[in-house]
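Chain by chain, the residues run as shown.
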Amino acid sequence: ADYSHYEKSRNKRLDRLEQLKGLSVSPKAKGLYVLVIGESATRDHMESYGYKRHTTPFLESFKKDPGTLLFSKAFSNHTHTVPVLTYALSQKNQYNNIPLQKAYFLIEIAKKAGYETYWISNQRKYGAWDTPTSEMAGTADHQVFINGRAGKGVGSTYYDKALLDHVPIVDSAHPTLIVFHVMGSHASYEDRYPKNETYFSGGNNHIDTYDNTILYTDSMVSKTIDALKARQSSMNTALIYLSDHGESLGESGIYLHGTPYMLAP
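Keep in mind it's a predicted model, so treat the numbers as computed, not measured.

(A) Quick peek at helix α6 (residues 205-231). For α6, spanning 27 residues, the distance from its first C-alpha to its last is 39 Å, which sits close to the expected 39 Å at 1.5 Å a residue. The backbone nitrogen of H206 lies 2.9 Å from a side-chain oxygen of the residue at the head of α6, namely N204.

Given below as structure tokens:
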């Protein structure tokens, strides 16, 4: 059913995409633009936002670069992935009544404006919690979903760093948009990083394993930047990392998937 819904919606979007006219990119704005979409990552467990543990060593060093912006008061528009991303990456949002099926997505606008577009994901392509996001990715020129599972589960065959095997070689003659969608810090936390990259242990297991996911994601973003530098020629480059939403880790005794806190450095 999810596959059928995806196919019908994607075909409708392709038809509507033909109606977009007159979009272009200024020569000065041509370059490589990268969006890394995290999962369930709260700034309250990031060292760069004052957390007591050394969970974001790369971000700690990176934020000192004069070209880095660290947003301290960014909030998600919802508490769960599908509404967050369908609102954040389309004309549809919490302030208007545009039907999602009639809202253009970021990938579509970029593609129509002349960008070479990539969607590289470790999340599922088909499922109750995934198909709407995959629909947004469906018009990208290049799509890679390394998580071959489907349905309502949240398991993945690979850790997020496996996405680095699919970093493309970018043609500097074309503006390029690459979106990486990771599993990040989604429960079950201990499934999001290899055991040999366990750094925090011996305390509250729930918090230890979550903090390990934050550290692993920090490392993954660092290695993504290294991989992009190795595969592209000299060109304007910008990278944005943001999480879809946060997570409650025992604040006021509550452990809860999905909070409005998000990160966008």
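Still more ground to cover, so stick around.
(B) Focus on the sheet that holds strand β5 (residues 237-243). Within the open sheet, the five strands sit side by side as β3-β2-β4-β1-β5. Their pairing is parallel. Each edge of the sheet is formed by a strand with only one pairing partner; in this case those strands are β3 (142-145) and β5. Neighbour-to-neighbour, the strand axes of the sheet open up by a mean angle of 10°, direction not taken into account. Against the sheet, α6 contacts β1 (32-38), β4 (176-181) and β5, and its axis sits at roughly 160° relative to β5.

(C) Summary view of the nonpolar core. Counting residues in hydrophobic clusters, the biggest one holds 28 residues, and the most contacted among them are L32, V34, V36, L163, I178 and F180. The set of elements that each furnish at least two residues to this core consists of β1, β2 (116-121), β4 and α6. By residue number, the principal contributor to this core is α6, which donates seven residues. Not counting chain neighbours up to four residues away, the residues in contact with L32 comprise V170, T176, I178, L228, Q232, M235, N236, T237 and A238. I37, I107, M136 and A137 belong to the second largest nonpolar core, which has 18 residues in total.

(D) Main features of empty space enclosed by the protein. For the coordinates displayed, the defined rule picks out two cavities of 30 Å³ or more. When its volume is computed, the largest cavity comes out at roughly 50 Å³. As for the largest cavity, its lining consists of ten residues, of which Q123, R124, D130, T133 and H181 are closest to the centre. The set of elements that each furnish at least two residues to the lining of the largest cavity consists of β2 and α5 (131-137). Considering only residue class, the lining of the largest cavity consists of three nonpolar, five polar and two charged. The calculated volume of the second largest cavity comes to roughly 30 Å³. Together, N122, S156, Y158, Y159, D160, M183, D191 and R192 line the second largest cavity.

(E) Broad picture of the environment of Y158. Topologically, Y158 is positioned in the loop between β3 and β4. Look at Y158 and you get partly exposed, because its relative accessible area is 44%. A sequence separation of 13 residues divides Y158 from D171, and the C-alpha atoms of the two residues are 28 Å apart. Not counting chain neighbours up to four residues away, the residues in contact with Y158 comprise N122 and I146.

Parameters at a glance
- Residues numbered from 1 in each chain as written.
- Predicted model: local features only at pLDDT ≥ 70, side-chain atom pairs only at ≥ 80, totals over all residues.
- Heavy atoms only, no water.
- Helix = DSSP H or I, 4+ residues; strand = E, 2+ residues; numbered from the N terminus.
- Expected span 1.5 Å × (residues − 1).
- Polar contact = N/O pair within 3.5 Å; in protein donor to acceptor, adjacent residues only side chain to side chain.
- Pairing = 2+ DSSP bridges.
- Axes fitted to C-alpha atoms, helices over the stretch in contact; angles between N-to-C directions.
- Contact = heavy atoms within 4.5 Å.
- Core = buried A, V, L, I, M, F, W, Y, C linked by side-chain atoms within 4.5 Å.
- Buried < 20%, exposed > 50% of the residue type's maximum accessible area, 1.4 Å probe, protein only.
- 1 Å grid on protein atoms, 1.4 Å probe; cavity = no way out; pocket = protein on both sides within 12 Å on 5 of 7 lines; lining within 4 Å.
- Points joined across faces, edges and corners; volume = space filled by probe spheres on them.
- Nonpolar A, V, L, I, M, F, W, Y, C, P; charged D, E, K, R; others polar.

Just geometry here; none of it tells us what the structure is for.
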